[in-house]
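# Per-entry structural report
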Amino acid sequence: MHVVVIGAGLGGLSAAAHLRGAGHEVTLVEREPIPGGRAGVIRSDGFVLDNGPTVLTMPDLLENTFQAVGADMADFVTIKPVDPMYRACYTDGSELLVRHGRDAMTEEVRGFAGPKEAEAFGRFSGWLEQLYTHEKIRCNRSSSKNDATFLPSLPNPPSRTSASPSRQGFTRSSGESRLVSMNERISWV
Ligand SMILES: Cc1cc2nc3c(=O)[nH]c(=O)nc-3n(C[C@H](O)[C@H](O)[C@H](O)COP(=O)(O)OP(=O)(O)OC[C@H]3O[C@@H](n4cnc5c(N)ncnc54)[C@H](O)[C@@H]3O)c2cc1C
């Protein structure tokens, strides 16, 4: 079959690679001069700026995409851990480092927002770990069996009664800082 994939962002590139690996003829159409989409690069006035993803949570998915066309990601891309991953700067001059690893990040949150928020961050991280495991199982099963009926139950998000549904992530108000859990903003389909 001849398939036309519109858009050479990570999604389109991945779809095109998997379709090609499955033996289809593929044409990939992109409106911009370079591929990448939101994971692109801006070059301006001598500066080079990555304009999209910062945190790579599932490198296996990228590896799978290369493998789909018989390539080895290591021949094309070198992934190096960076710590801190980035620095959030607030208008009052305070800064939050987004650290590599749960322990380091928990300590960062503790110093930034206090012990209660550090403890909440620990719960949130625990839930994310369950979610990550769930997704890995789902990916492995869907690629090997093409069957979603064996999915384990999704983990329940950690409860956080004081969080406001309209706010997300780290927020600062009235000179105070607090971490708001993001579970209200995540829905399952
Ligand atoms: C600031 C920022 C930070 C992010 N941080 C992270 C992160 O830390 N971790 C993470 O996993 N994700 C992150 N993301 C999200 C991640 O970058 C995107 O989810 C991912 O790149 C989206 O890929 P996509 O292929 O679905 O869409 P896109 O990248 O939007 O690709 C769509 C492509 O289609 C093209 N296109 C659209 N319409 C047409 C048309 N009619 N004809 C031809 N071409 C067309 C567009 O030009 C584009 O190249 C971040 C995104 C941003 C913007």
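Right, let's walk through the structure included here.

Procedures and definitions
- Residues numbered from 1 in each chain as written.
- Predicted model: local features only at pLDDT ≥ 70, side-chain atom pairs only at ≥ 80, totals over all residues.
- Helix = DSSP H or I, 4+ residues; strand = E, 2+ residues; numbered from the N terminus.
- Buried ≥ 20, exposed ≤ 12 C-beta atoms within 10 Å, placed from the backbone.
- Contact = placed C-beta atoms within 7 Å.
- Pairing = 2+ DSSP bridges.
- Right-handed = clockwise from strand over helix to strand, strands pointing away.
- Expected span 1.5 Å × (residues − 1).
- Arc of directions from axis to C-beta.
- Core = buried A, V, L, I, M, F, W, Y, C linked by C-beta atoms within 7 Å.

### A closer look at the overall build of the protein chain
Scanning the protein chain from N- to C-terminus turns up four helices and eight strands. Ordered by position in the sequence, the α and β elements of the protein chain form the string β-α-β-β-β-α-β-β-α-α-β-β. In the protein chain, buried positions account for 7% of the 189 residues. If you take every contact in the protein chain between residues at least 6 apart in sequence, the share linking residues at least 24 apart comes to 34%.

### A word on the pairing of strand S1 (residues 2–6)
For S1, a buried count of zero out of five residues is recorded, marking the element as mostly open to its surroundings. Pairing of S1 with strand S2 (residues 25–29), which is carried by five bridges, proceeds in the parallel orientation. The residue of S2 that forms the bridge with Val 5 is Leu 28. In this fold, the crossover linking S1 to S2 by way of helix H1 (residues 10–21) has right-handed handedness.

### As for the environment of Asp 60
Structurally, Asp 60 is set in helix H2 (residues 59–68). The spacing of Asp 60 and Cys 139 is 79 residues in sequence and 9.8 Å in space, taken between C-alpha atoms.

### So, unusual backbone geometry
The omega torsion of the bond from Asp 83 to Pro 84 falls at 0°, within 30 degrees of zero and hence cis. Here Pro 84 shows up in the loop between H2 and strand S5 (86–89). At Asp 45, a residue that is not glycine, the phi angle is positive and equals roughly 50°. Tracing the backbone through its elements, the reader meets Asp 45 in the loop between strand S3 (41–44) and strand S4 (47–50).

### A few points about the environment of His 100
Along the chain, His 100 turns up in the loop between strand S6 (95–98) and helix H3 (102–113). The class of His 100 is partly exposed, set by 14 C-beta atoms lying within 10 Å. Sequence-wise, His 100 and Val 55 are 45 residues apart; in three dimensions their C-alpha atoms are separated by 9.8 Å. Once you skip the residues sitting within four places of it in the chain, His 100 turns out to touch Pro 81, Asp 83 and Met 85.

### A closer look at the environment of Ala 74
On the secondary structure map, Ala 74 appears in the loop between H2 and S5. Linking Ala 74 and Glu 63, residues 11 residues apart in sequence, is a C-alpha distance of 8.5 Å.

### Description of the pairing of S4
Pairing of S3 with S4, which is carried by four bridges, proceeds in the antiparallel orientation. If you follow Val 41 over to S4, its bridge partner there is Asp 50. In sequence, S3 turns back onto S4 through a hairpin of two residues, with Asp 45 there showing a positive phi of about 50°.

### Digging into H1
The end-to-end C-alpha distance of H1, which contains 12 residues, comes to 16 Å, matching closely the 16 Å that a straight helix rising 1.5 Å per residue would cover. Regarding H1, the residues found buried are Leu 13, Ala 16 and Ala 17. End-on view of H1: buried residues confined to an arc of 100°, all on one side of the axis. Against S1, S2 and H2 lie the buried residues of H1. Just past H1, the residue Gly 23 takes up positive phi, approximately 100°.

### A look at the nonpolar core
By size, the foremost hydrophobic cluster in this structure holds seven residues: Leu 96, Met 105, Val 109, Phe 112, Ala 113, Ala 120 and Phe 121. Listing elements by their share of this core, those giving two or more residues are H3 and helix H4 (115–145). It is H3 that contributes the most residues to this core, four residues altogether.

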